[in-house]
Amino acid sequence: MPFAIYVLGMMIFSMTTAEFTVAGIMPSLSREFDVSIASIGYLITAYAAGMIVGGPLLAIGLSKVSKRRAFLLISAIFLFGQILGASAISYEMMMVARIITGVSSAACFGISLGICFDLVSPQYRGRAASIVLGGLMVATALGLPAAMLFNQYFGWRSSFWAVVVLVLLSGILGMKVIPTASNSESVSLRSELASFKNPNLWAAYTTSLLIIGATFAAFSYFTPILTDLSGFDKAMVPLLLGIYGVATIAGNLVTGSITDRYMMPTLSIGLMLLTASLMMFGLYPRSPYISVIAVIMIGLTGVTLNPAMSTRITRVAGTGTLVTTVHGSVISLGVVVGSFIGGLTIETGYGLHSPLWVGFILAILGLISLLPYLKRAKVVAVTMKSKS
């Protein structure tokens with residue numbers, strides 16, 4: 001793998017850490033700006049909204065710019081937003097900062113994947129994607145806990161400034177190691193827009209949304225489920241979430257190593273295991289042993305399917321920036337959909353374990369979305385066998 005691939009992963013790690021930080025330091029921000037915890041929650045929503053809507057719009061605006069230059073420009077926009085957040089003196093100022101960083105983060109995901117796909121030959125795209133997207137997994141396991149420690153010992157602003165340093169370093173390294181021209185020919189905006197007429201692309205987007213929605217319907221409520229139902233002490237939850245983070249890193253490594261050769265089997269088997277894990281957790285949420293196993297399995301098979309999902313997108317519609325950026329927005333939408341429906345079922349009285357069943361249903365729908373593709377693959381295999 002070219003060193004530039006790892007630099008792209010470092011940038012994704014930095015931006016994802018910034019995304020997760022607010023969730024980990026909500027009480028500190030609530031005291032700082034004298035607002036409710038729910039109001040701080042809106043900062044998370046604003047970031048997600050920026051990723052869903054603003055990312056593709058920014059990608060379109062930079063469609064005539066080279067991917068390298070677009071990456072550097074987007075990094076600079078994110079850096080400005082993060083500095084604004086680190087020096088925020090009001091809730092409104094922080095809200096603006098979160099929108100800016102959300103928009104630029106979504107666009108950076110798409111640009112980074114587009115660059116990494118151009119830097120390697122097609123048979124290595126899954127592995128390259130696993131390295132870039134590995135930044136997301138490492139942010140879950142290390143970035144968020146580190147941000148919480150910075151907040152605890154040095155104040156919440158220090159966690160924001162730490163991300164500023166990481167983004168600045170990633171941008172400087174990117175300037176030096178990302179080549180000015182990619183191996184692949186540039187894709188015009190018109191041809192990219194034409195890709196959206198392909199129903200197979202929307203089928204791939206749908207599967208991605210359902211996988212991420214299923215994962216985050218459960219993950220968003222791990223803490224209350226593990227403490228109130230599984231019986232774990234609150235002090236144990238960070239350790240369990242750390243184990244989940246390590247599982248995502250391990251799963252990402254495995255997925256990246258086999259996706260290029262076995263893309264659809266990876267998606268199918270991974271989704272089956274995710275479905276089984278959510279069902280097991282939903283049936284026995286009060287068993288601490290089953291809860292730990294389920295948390296690990298969800299970590300191994302949920303967001304870690306990202307490399308396979310991204311590889312599927314490139315095989316359907318190419319490596320254009322807009323196509324990959326919209327995929328990132330779809331994934332962000334999956335996070336919102338899963339966590340929102342999960343919370344809605346709790347509020348309507350279905351119990352604290354109900355988000356696990358929401359995740360199970362979304363995972364089942366994800367499997368159903370794969371059936372047409374698997375059926376076509378079977379027909380093709382039978383036809384080729386009969387000809388031979």
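What you see is a predicted model; the values in this text were computed from it and never measured.

Draft legend 1. Inspection of the overall build of the protein chain at higher detail. In terms of helices and strands, the protein chain carries 16 helices and 0 strands. Computed over C-alpha atoms, the radius of gyration of the protein chain comes to 20 Å, within 12% of the 21 Å expected from 2.2 N^0.38 for 388 residues, which places it in the range of a compact globule. Dimensions along the principal axes, computed over C-alpha positions, put the protein chain at roughly 70 × 50 × 30 Å. Evaluated residue by residue, the protein chain yields a buried proportion of 53% over its 388 residues. Taking the intrachain contacts of the protein chain between residues at least 6 apart in sequence as the baseline, contacts between residues at least 24 apart amount to 82%. Element-wise, carbon and sulfur atoms account for 70% of the exposed surface of the protein chain, whose accessible area totals about 17000 Å².

Draft legend 2. Expanded view of the nonpolar core. One finds Phe71, Cys116, Phe222, Leu267, Leu278, Phe281 and Ile298 to be the most contacted residues of the largest nonpolar core, which totals 74 residues. When residues in this core are grouped by element, the largest group, 10 residues, is from helix H5 (residues 91-119). When neighbours within four sequence positions are excluded, Phe71 is seen to be in contact with Leu8, Met11, Cys108, Ile111, Ser112, Ile115, Gly174 and Ile178. In terms of nonpolar packing, the next biggest core, distinct from the first, is built from 15 residues, Leu29, Ala46, Tyr91 and Met95 among them.

Draft legend 3. Examining the packing of aromatic side chains more closely. Applying the stated criterion to the full structure yields 12 aromatic pairs. Where Trp202 meets Tyr205, the ring centres are 5.4 Å apart and the plane angle is 80°; that geometry is what we call edge-to-face. On the criterion of helical spacing, the pair formed by Trp202 and Tyr205 is a turn pair, its members being 3 residues apart in helix H9 (residues 199-219). Centroid distance Trp357 to Phe360: 5.5 Å. Interplanar angle 85°. Geometry classified as edge-to-face. A residue pair is termed a helical-turn pair when its members lie 3 or 4 positions apart in one helix, as Trp357 and Phe360 do in helix H16 (residues 354-387) at 3 residues. Look at Trp357 and you get partly exposed, because its relative accessible area is 26%. A relative accessible area of 17% places Phe360 in the buried class. Through successive ring pairs, a cluster of aromatic residues spans Phe216, Phe219, Phe222, Tyr244 and Phe281.

Quick notes on the rules
Note that residues are indexed from 1 along each chain, following the sequence as it is written. Only residues with pLDDT of at least 70 get local features here, since the model is predicted, and only at 80 or more are side-chain atom pairs given and counted; chain-wide, interface and lining totals rely on the full set of residues. Each side-chain value is derived from all of the structure's non-hydrogen atoms; neither hydrogens nor water enter the calculation. Helix and strand assignments come from DSSP, with helices taken as H or I runs of at least 4 residues and strands as E runs of at least 2, each series counted from the N terminus. Only C-alpha atoms enter the radius of gyration, while the globule expectation follows 2.2 Å times N to the 0.38, with N the number of residues. Only protein chains enter the accessibility calculation, which uses a 1.4 Å probe; a residue is then buried when its area is under 20% of its type maximum, exposed when over 50%, and partly exposed in between. Any two residues whose heavy atoms approach within 4.5 Å at even a single point are treated as in contact. Here, Shrake-Rupley sampling with a 1.4 Å probe gives the accessible areas, and only protein chains in the shown set may cover a residue. Only buried Ala, Val, Leu, Ile, Met, Phe, Trp, Tyr and Cys residues count toward a nonpolar core, and they belong to the same one when joined by side-chain atoms within 4.5 Å. Stacked, edge-to-face and tilted are the three classes for Phe, Tyr and Trp ring pairs, Trp counted by its six-membered ring, which pair at centre distances within 6.5 Å; planes under 30 degrees apart are stacked, over 60 edge-to-face, the rest tilted.

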